[in-house]
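# Observations on the model geometry
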Protein chains: 2
Amino acid sequence: MKPEPPKSRRPGLIRMPGPLLMKLPVITDIRGSLLVGDFKSLPFKPKRLFAVFDIPSKNTRGQHAHKKQHQFMICMRGSCSILLDNGKHKDEVRMFAPNVGLYVPPMIWALQHRHSEDSLLVVLSSGSYDPDDYIRDYERFLRAVRNR
Amino acid sequence: MKPEPPKSRRPGLIRMPGPLLMKLPVITDIRGSLLVGDFKSLPFKPKRLFAVFDIPSKNTRGQHAHKKQHQFMICMRGSCSILLDNGKHKDEVRMFAPNVGLYVPPMIWALQHRHSEDSLLVVLSSGSYDPDDYIRDYERFLRAVRNR
């Protein structure tokens, strides 16, 4: 007999292989809070940083996959949801604290939405900006992952 | 006759050699704002990221110099002031927007204060955390820069 699928899921649990939620140390005392992230603990070497903010909550960002570039996302303030799609499975992660980062490997379709008003997402990327590294068409993404 | 010293200074102008204010592109449209920072444009290779936030405004942070590590600071949200001291001259920079980053080379005494309630300072560093890289005693710092 096949086991029943779980009726409820812990939010933020990623079931597909590849993407990872990683804990980041945040040290808080009376002087304030300090978030620490050594690049040694990442699966790639960051070459670029970008940040998205002041995003209207009804808007989505992302909606593309990267062919080769790896990314690591930290929601430094506020919250947002990140939809991940590997062509077979979809998962959604709610990011709401700077002590958790999301690693997104290449060839994962990612979309950010439901940004809170104060949301600030900082992204480390493994390469310089390269328009050729983007797959912006979902059908093309599906063909590419199925032909791997 | 010696020229008169300027009566007023542009805030954020750094007169000492070494530290640099660098413009960062921020692209804003109806979908929100995007800050872009390629590590190629920095004078060092970042190996670590940290962030300070929830700092009480009466508190100071920093108050040390790094022997070898370089840093690049971006005030992603809110505002804070950074005092720079090379042992001969002092300068103060008010950081209040993510489109300006501050490069701080080694052997500059730096102190952060006057944090706004929502201030979030992201710092890229050229090395992993190393307690031996810090000079936390100001007199020792002064002796070190004078003996260089």
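Calculation rules
Residues numbered from 1 in each chain as written. Chains lettered and ligands numbered in written order. Predicted model: local features only at pLDDT ≥ 70, side-chain atom pairs only at ≥ 80, totals over all residues. Heavy atoms only, no water. Helix = DSSP H or I, 4+ residues; strand = E, 2+ residues; numbered from the N terminus. Contact = heavy atoms within 4.5 Å. Areas by Shrake-Rupley, 256 points an atom, 1.4 Å probe, with all protein chains shown as cover. Lys, Arg positive; Asp, Glu negative; His and termini not counted. Charge placed at Lys NZ, Arg CZ, Asp CG, Glu CD. Least-squares fit on C-alpha atoms with pLDDT ≥ 70 in both. Buried < 20%, exposed > 50% of the residue type's maximum accessible area, 1.4 Å probe, protein only. Salt bridge = Lys/Arg side-chain N within 4 Å of Asp/Glu carboxyl O. Polar contact = N/O pair within 3.5 Å; in protein donor to acceptor, adjacent residues only side chain to side chain. Nonpolar A, V, L, I, M, F, W, Y, C, P; charged D, E, K, R; others polar. Pairing = 2+ DSSP bridges.

### Quick notes on the overall build of chain A
- Looking only at helices and strands, one finds one helix and twelve strands in chain A.
- Ordered by position from the N terminus, the helices and strands of chain A form the series β-β-β-β-β-β-β-β-β-β-β-β-α.
- Here the contacts in chain A between residues at least 6 apart in sequence split such that 78% fall between residues at least 24 apart.
- Summed over its atoms, the accessible surface of chain A is roughly 8,200 Å², and 55% of this surface lies on carbon and sulfur atoms.
- Between the mean site of the 25 positive side-chain charges and the mean site of the 14 negative ones, chain A shows a separation of 5 Å.

### Here we look at the relation of the copies chain A and chain B
- Mapping chain A onto chain B calls for a screw motion: a turn of 180° about the axis and a shift of 0.0 Å along it, with 0.0 Å RMSD after fitting. Taken together, the turn and the small shift mark the pair as related by a two-fold rotation axis. Closest approach to the rotation axis within chain A is made by the C-alpha atom of A:P46, at a distance of 4.1 Å.
- In this assembly the copies share their binding face: 100% of the residues contributing to the interface of chain A also contribute to that of chain B.

### Considerations on the side chain of B:H115
Residue and element names in this part refer to chain B.
- Mapped onto the fold, H115 is located in the loop between β10 (109-113) and β11 (120-125).
- We classify H115 as buried; its relative accessible area is 2%.
- When sequence neighbours within four positions are dropped, the list of residues in contact with H115 reads I55, S57, N59, R61, S79 and C80.

### Notes on the pattern of salt bridges
- Within this structure, the stated rule accounts for eight salt bridges over all chains.
- Between A:R15 and A:D91 there is a salt bridge, with the nearest N and O atoms lying 3.8 Å from each other. Of this pair, A:R15 sits in the segment before β1 (20-23) while A:D91 sits in strand β8 (residues 90-95), and the two are 76 residues apart along the sequence.
- For A:R15, a relative accessible area of 55% gives the class exposed.
- Here B:K90 ties to B:D85 by a salt bridge, and the two come within 3.4 Å at their closest N and O atoms.

### A look at the interface of chain A and chain B
- Contact with chain A, which involves 36 residues of that partner, is made by 36 residues of chain B.
- Counting across the chain A and chain B interface gives zero salt bridges.
- Between chain A and chain B we count 14 residue pairs in polar contact (both at pLDDT 80 or more) in total.
- Ranked by residue count, the leading element in the side of chain A that touches chain B is strand β3 (residues 32-38) of chain A, at seven residues.
- Taken together, the residues of the side of chain A that touches chain B sort by class into 21 nonpolar, six polar and nine charged.
- Of the strand pairs in this sheet, strand β4 (residues 48-53) of chain A and strand β3 (residues 32-38) of chain B are connected by six bridges, and their pairing is antiparallel. Bridging across to β3(B), A:V52 finds its partner in B:L34.

### Structural notes on the environment of A:H64
Residues and elements named next belong to chain A.
- For H64, the position within the fold is in strand β5 (residues 61-66).
- Between the C-alpha atom of H64 and that of W109, which follows or precedes it by 45 residues, the distance is 5.4 Å.
- In contact with H64, not counting residues within four places along its chain, are I108, W109, A110, Y134, I135 and R136.
- Only 3.2 Å separates the side chain of H64 from the backbone oxygen of G62, close enough to count as a polar contact.

### Section: the pairing of β3(B)
All names here are of chain B.
- With five of seven residues buried, β3 is to be regarded as a mostly interior element.
- Note that strand β2 (residues 26-29) and β3 share four bridges and pair antiparallel. Bridge pairing in β3 places I27 opposite L34.
- Counted along the chain from β2 to the antiparallel partner β3, the turn is two residues long.

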